[in-house]
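So you can see what is in the structure, the chains are spelled out below.
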Amino acid sequence: MMPVKYLKYCSILLIFILRMLPVQAQQRKLKKAAEHYQTLAYVDAKKIYEELVSSGFISQEVLLRLGNIYYFNAEYTRAITYYRTLYPSLSKENTTPIY
């Protein structure tokens, strides 16, 4: 029969490993999206970045690149939503230009 301590450590290790798997998958997706973005394959990059955002993975890099992708494809209303999330100072009330 296995000692209780051994089973306890094995279960903790298993939980730790299982919790790391989604993070690694997101990092692989992020890397793939960055490759598409760098080669100007914006449609492919947009699809991956949107998947990351919908799964709850939100970072400054992802928001900025999604905003840029929509901006470069002349989808300005979609671009501004990501820019506003990234830069809260771009709220609707603060649209007066500063000279």
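Conventions and cut-offs
Residues numbered from 1 in each chain as written. Predicted model: local features only at pLDDT ≥ 70, side-chain atom pairs only at ≥ 80, totals over all residues. Heavy atoms only, no water. Helix = DSSP H or I, 4+ residues; strand = E, 2+ residues; numbered from the N terminus. Contact = heavy atoms within 4.5 Å. Buried < 20%, exposed > 50% of the residue type's maximum accessible area, 1.4 Å probe, protein only. Arc of directions from axis to C-beta. Patch = residues over 30% accessible without salt bridge, like charges linked within 9 Å, V, L, I, M, F, W, Y side chains within 5 Å. Areas by Shrake-Rupley, 256 points an atom, 1.4 Å probe, with all protein chains shown as cover. Salt bridge = Lys/Arg side-chain N within 4 Å of Asp/Glu carboxyl O. Axes fitted to C-alpha atoms, helices over the stretch in contact; angles between N-to-C directions. Parallel < 35°, antiparallel > 145°, perpendicular 65-115°, else oblique. Left-handed = near helix turned anticlockwise from the far one by under 90°.

(A) Geometry of the environment of G67. Structurally, G67 is set in helix 3 (residues 60–72). With residues up to four places along the chain from it excluded, the contact list for G67 reads A79, Y82 and Y83.

(B) Molecular detail of helix 4 (residues 76–86). If you check which residues of helix 4 are buried, you get A79, Y82, Y83 and L86. Buried residues of helix 4, viewed axially, fall in a sector of 100 degrees; they line one side. The secondary structure elements touched by the buried residues of helix 4 are helix 2 (42–54) and helix 3.

(C) Seen up close, a nonpolar patch on the surface. A surface patch of nonpolar side chains, amounting to about 350 Å² of accessible area, comprises Y71, F72 and Y76. Note that F72 resides in helix 3. The class of F72 is partly exposed, set by a relative accessible area of 46%.

(D) Looking closely at the packing of helix 3 against helix 4. Closest axis-to-axis distance for the helix 3/helix 4 pair is 7 Å, and the angle between their directions is 160 degrees. Viewed along their axes, helix 3 and helix 4 adopt a mutual orientation that is roughly antiparallel. As helix 3 runs across helix 4, the sense of the crossing is left-handed. For the pair helix 3 and helix 4, contact is made by Q60, L63, L64, L66, G67, N68, Y70 and Y71 and by Y76, R78, A79, Y82, Y83, T85 and L86, respectively.

(E) Spotlight on the side chain of H36. Along the chain, H36 turns up in helix 1 (residues 4–38). With sequence-adjacent residues up to four places away left out, H36 is seen in contact with A41, D44, A45 and I48.

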